[in-house]
Amino acid sequence: MTKRVVLAYSGGLDTSVAVRWMTDEMGAEVIALAVDVGQSSDDWEVVRERAKAAGAVDAIVVDAREEFAEDFCAPALKANALYEGRYPLVSALSRPLIVKHLVETARYHGAEAVAHGCTGKGNDQVRFEVSTRALDPDLEVIAPVRHWGMTREDCIHYAYDHDIPITATKEKVYSIDDNLWGRAIECGEMEDPWNVPPPGVWLLTKLRSTDERDVVIGFDGGRPVSIDGEPLGMLEVIDRLNDIVGSFGWGRLDMVENRRVGIKSRETYECPASLALILAHKDLESICLERDLDREKARIEPRYAELVYDGLWFSPLKQAFDAFVESSQEFVTGDVRLHLSPGSCSVTGRRSPHSLYDYGLATYDAADSFRHQDSAGFVRLWGLGIETWAQRQGAKRIKD
Ligand code: ARG
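Residues numbered from 1 in each chain as written. Predicted model: local features only at pLDDT ≥ 70, side-chain atom pairs only at ≥ 80, totals over all residues. Heavy atoms only, no water.

S.K.: Looking at this model, I keep getting lost on the packing of aromatic side chains. Mind explaining?
M.R.: The way to describe two aromatic rings as a pair is by their centre distance and the angle between their planes. Per the stated rule, a full pass over the model turns up seven aromatic pairs. Seen from their ring centres, Phe378 and Trp382 are 6.3 Å apart, and the 20° between their planes marks the pair as stacked. In this pair, Phe378 and Trp382 both sit in helix H13 (residues 372–382), four residues apart, roughly one turn of the helix. Ring pairing ties together the aromatic residues Tyr83, Tyr87, Tyr269 and Tyr309, which thus form one cluster. Above the face of the Tyr309 ring, Arg127 is positioned so that its terminal group lies 4.8 Å from the ring centre. Over the ring of Trp313 we find Lys318; its NZ or CZ atom is 3.5 Å from the centre of that ring. (Phe/Tyr/Trp six-rings, centres within 6.5 Å; stacked < 30°, edge-to-face > 60°. Helix = DSSP H or I, 4+ residues; strand = E, 2+ residues; numbered from the N terminus. Lys NZ or Arg CZ within 6 Å of the ring centre and 35° of its normal.)

S.K.: Can you walk me through the nonpolar core in this structure?
M.R.: Nonpolar side chains in soluble globular proteins tend to be buried together. With 80 residues, the main nonpolar core has Phe68, Leu89, Leu93, Trp181, Ile238, Leu241 and Leu277 as its most contacted residues. Among all residues touching Leu89, those that are not within four sequence positions of it are Ala81, Tyr83, Ala305, Val308 and Tyr309. The next biggest cluster of nonpolar side chains, apart from the first, holds 30 residues, and it includes Val19, Val145, Ile164 and Ile166. (Core = buried A, V, L, I, M, F, W, Y, C linked by side-chain atoms within 4.5 Å. Buried < 20%, exposed > 50% of the residue type's maximum accessible area, 1.4 Å probe, protein only. Contact = heavy atoms within 4.5 Å.)

S.K.: Any chance you could explain the side chain of Ser315 here in plain terms?
M.R.: Tracing the backbone through its elements, the reader meets Ser315 in the loop between helix H10 (291–309) and helix H11 (316–328). You can call Ser315 buried: its relative accessible area is 9%. In this structure the side chain of Ser315 is engaged in a polar contact, spanning 2.8 Å, whose partner is the backbone oxygen of Leu312. (Polar contact = N/O pair within 3.5 Å; in protein donor to acceptor, adjacent residues only side chain to side chain.)

S.K.: What is the right way to read the sheet that holds strand S4 (residues 113–115) from this model?
M.R.: Pairing between the strands of a sheet is mediated by backbone hydrogen bonds and can be parallel or antiparallel. Across the sheet, five strands lie side by side as S3-S2-S1-S4-S5; this open sheet has parallel pairing. Every other strand in the sheet has two partners, leaving strand S3 (58–63) and strand S5 (140–142) as the edge strands with one partner each. Ignoring which end each strand starts from, the neighbouring axes of this sheet average 25° apart. (Pairing = 2+ DSSP bridges. Axes fitted to C-alpha atoms, helices over the stretch in contact; angles between N-to-C directions.)

Given below as structure tokens:
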């Protein structure tokens with residue numbers, strides 16, 4: 001019996017070859033599903049046609065940009081999620097959303113398997129497969145690229161031999177994955193971590209503005225809701241900031257990161273909107289979150305990012321973290337001013353109706369309302385244990 005498979009289709013070489021390969025080698029009936037998460041793609045109609053030409057029985061395109069922005073980017077922003085302290089999880093965030101649509105499509109079309117075009121060396125296979133098992137453990141996951149043993153050259157020949165229309169050419173030496181939250185560029189000469197990334201790899205952060213400017217981001221309950229006073233949805237905020245911040249050539253990362261599968265990997269990223277938003281959001285939290293809450297949140301943030309990176313978006317711990325983070329955001333409302341100049345983006349002001357910053361307490365001028373006399377007893381008790389230690393043990397050691 002023919003097996004019906006829903007393939008996460010990008011329109012690129014690997015997934016186009018995968019359509020045909022699964023059809024021929026496995027006798028599968030392939031439904032290609034392309035999910036628009038804001039990647040710079042060919043026209044989606046062209047992508048659909050390409051899937052059909054490769055042999056797909058159906059080709060579906062889902063516009064999931066709004067959903068990606070609202071349900072994936074917004075929670076990640078509230079959690080200030082940065083893997084290994086730097087990478088805002090661009091690809092890691094989109095995979096669970098793509099899987100959600102794969103699973104829905106598989107159910108709708110009565111398919112018993114889903115498939116992806118990831119290699120055996122990366123993180124994305126982990127995310128596709130673990131997320132699928134979380135959402136529907138009965139679905140089989142097929143990873144043709146791990147089976148076929150073809151090099152990139154072989155794939156190009158396979159495509160020519162089978163009349164699969166592809167745009168792959170020799171200049172495509174990089175592996176690129178992009179969406180609203182940023183763009184990842186790997187491979188080519190950058191596989192030597194000492195090599196400077198060639199200027200041609202940068203797209204979103206090509207320097208276009210030579211002046212300086214401010215941009216004010218308004219937040220409500222941890223969510224960005226306006227730019228320079230203009231109310232905007234999450235998707236529009238991201239689009240707008242990618243453009244504005246990217247034009248100053250800011251938002252690049254060049255790092256060697258630890259993949260889930262045990263490989264160290266040199267990665268370059270450009271994430272102008274996500275990095276600017278996290279910078280601003282974190283800063284606003286500094287006036288809106290009580291100290292212990294702020295610190296505990298900062299402790300779980302790296303763990304949150306790690307879970308998402310490792311393919312555990314749909315997991316009980318991640319869900320529990322989401323609940324904690326959501327509860328922490330109640331008073332994260334206000335504005336943050338970013339100053340942009342070529343190659344730089346920094347916070348120059350923050351304000352909030354719920355600010356815990358108290359001028360009367362902080363000031364050194366006449367408006368001072370702090371009860372200085374309270375400090376004497378507080379400091380004495382704070383140091384009492386140390387004083388006792390110094391008298392009985394510590395001071396003796398220093399003398400010795
Ligand atoms: N290293 C990043 C991650 O694991 C980016 C992966 C990009 N994927 C790709 N197919 N180029 O999230």
